[in-house]
Amino acid sequence: RFRSTCHGISAASGKLGAMVGAFGFLYLAQSPDKAKTDAGYPPGIGVKNSLIVLGAVNFLGLLFTFLVPESKGKSLEEMSGEIGDMKEGGEELDRPASYNNRTVPVI
């Protein structure tokens, strides 16, 4: 359940980012000189400055990607709390050796 929700949010964010990037670049890339701007578009910052802005945004994305903490071998279910770490009575679960290879233990 947690994994499906995250995939949906990721896909929607990617599509939204693609739309904003395509239309945003179209508007920003217009010439700052109103006489040279295409009909129907407001003046922009020019192609060179638009590419600099695009590069800066991509660099920020790279930084944020590396700032996400590592899961340290835990599954998404374990991190979200879907699989309890304890049985009733406080005993720890016996996990099979292949637990980190996506085999979910039977509780």
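As the structure is a prediction and not an experimental result, all values here were calculated from the model. (Residues numbered from 1 in each chain as written. Predicted model: local features only at pLDDT ≥ 70, side-chain atom pairs only at ≥ 80, totals over all residues. Heavy atoms only, no water.)

It is not clear to me how the overall build of the protein should be interpreted in this structure. Could you clarify?
Helices and strands together make up the secondary structure of the protein, namely three helices and zero strands. Written out in order from the N terminus, the α and β elements of the protein read α-α-α. Buried residues in the protein amount to 10% of all 107 residues. Put simply, 20% of the contacts in the protein that link residues at least 6 apart link residues at least 24 apart. (Helix = DSSP H or I, 4+ residues; strand = E, 2+ residues; numbered from the N terminus. Buried < 20%, exposed > 50% of the residue type's maximum accessible area, 1.4 Å probe, protein only. Contact = heavy atoms within 4.5 Å.)

Even after reading the chapter, I still don't get the UniProt feature "transmembrane region" (unreviewed entry) in the protein, so can you show me in this structure?
Per the UniProt record, "transmembrane region" (unreviewed entry) is found at residues 12–30 and 50–69. In the segment residues 12–30, helix accounts for 89% and strand for 0%; the C-alpha atoms at its two ends are 28 Å apart. Taken end to end, residues 50–69 has its terminal C-alpha atoms 31 Å apart, with 90% of it in helix and 0% in strand. (UniProt positions renumbered as here; feature names shortened; annotations may be inferred.)

Is there a simple way to think about the side chain of Thr37 in this case?
Considering the arrangement of structural elements, one finds Thr37 in the loop between α1 (2–28) and α2 (47–67). With relative accessibility at 12%, the residue Thr37 sits in the buried group. With sequence-adjacent residues up to four places away left out, Thr37 is seen in contact with Gln30, Ser31, Pro42 and Pro43.

Which parts of the structure should I look at to understand a nonpolar patch on the surface?
A surface patch of nonpolar side chains, amounting to about 800 Å² of accessible area, comprises Phe59, Leu60, Leu62, Leu63, Phe64, Phe66 and Leu67. One can find Phe59 in helix α2. Given a relative accessible area of 49%, Phe59 falls into the partly exposed group. (Patch = residues over 30% accessible without salt bridge, like charges linked within 9 Å, V, L, I, M, F, W, Y side chains within 5 Å. Areas by Shrake-Rupley, 256 points an atom, 1.4 Å probe, with all protein chains shown as cover. Salt bridge = Lys/Arg side-chain N within 4 Å of Asp/Glu carboxyl O.)

Which parts of the structure should I look at to understand the confidence of the model for the protein?
Low pLDDT means the predicted atomic positions in that stretch should not be read closely. Confidence in the prediction for the protein averages 78 pLDDT; 74% of positions are at 70 or higher. Across the protein, element-level confidence peaks in α2 with a mean pLDDT of 90 and bottoms out in helix α3 (residues 76–80) with 71. (pLDDT = per-residue confidence, 0-100.)

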